[in-house]
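Geometric and topological summary
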Amino acid sequence: MTSAIEAIAAILKNFTDEEPKLPLHVGEVMDLWTAFTAFKEAHTLYQTALNTTIDRDLKPVLEEALKSSLADTKRVEEMLIKEGVPLPLVNPNKPTSDPSAVPEGVKLTDDEIANLISVKVAASITFCAQAMSKTIRTDVGLLFFSIQVHLMEFAAPLKNLMKARGWLRVPPPYNPPGAPHPPN
């Protein structure tokens with residue numbers, strides 16, 4: 001059995017081999033198109049959250065999320081255009097607004113914002129891994145790998161903030177039948 005380091009090295013070697021570029025296959029196109037759409041949707045979430053929160057610790061996290069996501073989305077967009085793939089219809093950017101002007105029945109709480117973003121980031125990390133495993137082209141694999149790394153770099157500080165604020169939603173412990181019960 002190979003070690004995790006050896007497996008990662010083999011994957012990276014596969015993605016760095018010089019090879020002629022094949023045309024994108026339908027799975028790569030669909031994954032790039034889906035990523036572009038999902039990331040644009042995330043921009044709407046980040047912009048809405050920035051228009052809602054006044055939390056001094058959450059706001060810079062959201063600003064960094066939006067900045068990083070815009071850069072990753074641009075890279076996906078450039079690849080789609082270069083390969084001749086039509087871009088999907090996406091929502092326009094949200095205008096900046098005053099968080100105090102948002103009615104309470106509409107306004108997301110900081111807890112809700114953090115958890116929505118946490119779930120979106122976790123799903124995106126999984127999506128990138130899945131897309132990377134299906135790709136044949138090195139440039140597409142490396143693109144999804146680098147986006148996945150950016151997402152993981154963002155996820156850790158978000159989780160730490162959520163833990164510190166009591167926003168992290170942790171499922172109850174599972175004790176299978178017949179297992180010794182942990183001490184209270």
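Okay, so let's go over this structure. (Residues numbered from 1 in each chain as written. Predicted model: local features only at pLDDT ≥ 70, side-chain atom pairs only at ≥ 80, totals over all residues. Heavy atoms only, no water.)

1. Some remarks on the nonpolar core
Leu32, Val76, Ile117 and Phe144 are the most contacted members of the largest nonpolar core, which totals 37 residues. Elements with a minimum of two residues in this core: helix H2 (26–52), helix H3 (58–82), helix H4 (110–134) and helix H5 (138–165). Those residues in contact with Ile117 that lie beyond four places of it in its chain are Leu45, Tyr46, Leu62, Phe154 and Leu158. (Core = buried A, V, L, I, M, F, W, Y, C linked by side-chain atoms within 4.5 Å. Buried < 20%, exposed > 50% of the residue type's maximum accessible area, 1.4 Å probe, protein only. Helix = DSSP H or I, 4+ residues; strand = E, 2+ residues; numbered from the N terminus. Contact = heavy atoms within 4.5 Å.)

2. A look at the packing of H2 against H5
One way to put it is that H2 packs onto H5 with a least axis distance of 11 Å and a crossing angle of 30°. Taken together, H2 and H5 sit at an angle that is classed as roughly parallel. For the element pair H2 and H5, the recorded crossing hand is left-handed. Here Glu28, Asp31, Leu32, Ala35 and Phe39 of H2 lie close against H5, whose contacting residues are Val140, Leu143, Phe144 and Ile147. Looking at side-chain class alone, the contact of H2 with H5 contains 7 nonpolar, no polar and 2 charged residues. (Axes fitted to C-alpha atoms, helices over the stretch in contact; angles between N-to-C directions. Parallel < 35°, antiparallel > 145°, perpendicular 65-115°, else oblique. Left-handed = near helix turned anticlockwise from the far one by under 90°. Nonpolar A, V, L, I, M, F, W, Y, C, P; charged D, E, K, R; others polar.)

3. Quick look at the side chain of Thr135
Take Thr135: it is sitting in the loop between H4 and H5. There is a polar contact of 2.6 Å between the side chain of Thr135 and the side chain of Glu28. (Polar contact = N/O pair within 3.5 Å; in protein donor to acceptor, adjacent residues only side chain to side chain.)

4. A look at the packing of H3 against H5
Where H3 contacts H5, the axes come no closer than 11 Å and their chain directions differ by 170°. Judged by the angle between their axes, H3 and H5 are roughly antiparallel. Of the residues in H5, those in contact with Leu58, Val61, Ala65, Ser68, Asp72, Arg75, Val76, Met79 and Lys82 of H3 are Asp139, Val140, Leu143, Ser146, Ile147, His150, Phe154, Leu158 and Leu161. Of the residues assigned to the contact of H3 with H5, the class counts are 11 nonpolar, 3 polar and 4 charged.

5. Brief notes about the packing of aromatic side chains
The final tally for this structure, using the stated rule, is 1 aromatic pair. Where Phe127 meets Phe144, the ring centres are 6.1 Å apart and the plane angle is 70°; that geometry is what we call edge-to-face. With Phe127 in helix H4 and Phe144 in helix H5, the pair connects residues that are 17 residues apart, well separated along the chain. Taking the relative accessible area as the measure of exposure, Phe144 reaches 1% and is therefore buried. (Phe/Tyr/Trp six-rings, centres within 6.5 Å; stacked < 30°, edge-to-face > 60°.)

6. Brief notes about the pattern of salt bridges
All chains considered together, the criterion is met by 10 salt bridges. Between Arg56 and Asp57 there is a salt bridge, and its shortest N-O distance comes to 3.1 Å. Residue classification places Asp57 among the partly exposed residues on the basis of a relative accessible area of 32%. Between Arg75 and Asp72 there is a salt bridge, and its shortest N-O distance comes to 3.6 Å. One end of the pair, Arg75, and the other, Asp72, are both in helix H3, 3 residues apart, so they sit about a helical turn from each other. (Salt bridge = Lys/Arg side-chain N within 4 Å of Asp/Glu carboxyl O.)

7. Topic: H4
For H4, built from 25 residues, the straight-helix expectation of 36 Å at 1.5 Å per residue is met to within 8% by its first-to-last C-alpha distance of 36 Å. Along H4, the residues classified as buried are Ile113, Ala114, Asn115, Ile117, Lys120, Val121, Ser124, Ile125, Cys128, Ala131 and Met132. (Expected span 1.5 Å × (residues − 1).)

8. Thoughts on H3
Helix length check: H3, at 25 residues, gives a terminal C-alpha distance of 36 Å against a target of 36 Å (1.5 Å per residue), a fit within 8%. For H3, the full list of buried residues reads Leu58, Val61, Leu62, Ala65, Leu66, Ser69, Asp72, Thr73, Val76, Glu77, Met79 and Leu80. Close packing links the buried residues of H3 with H2, H4 and H5. Just beyond H3, the residue with positive phi is Gly84, at close to 80°.

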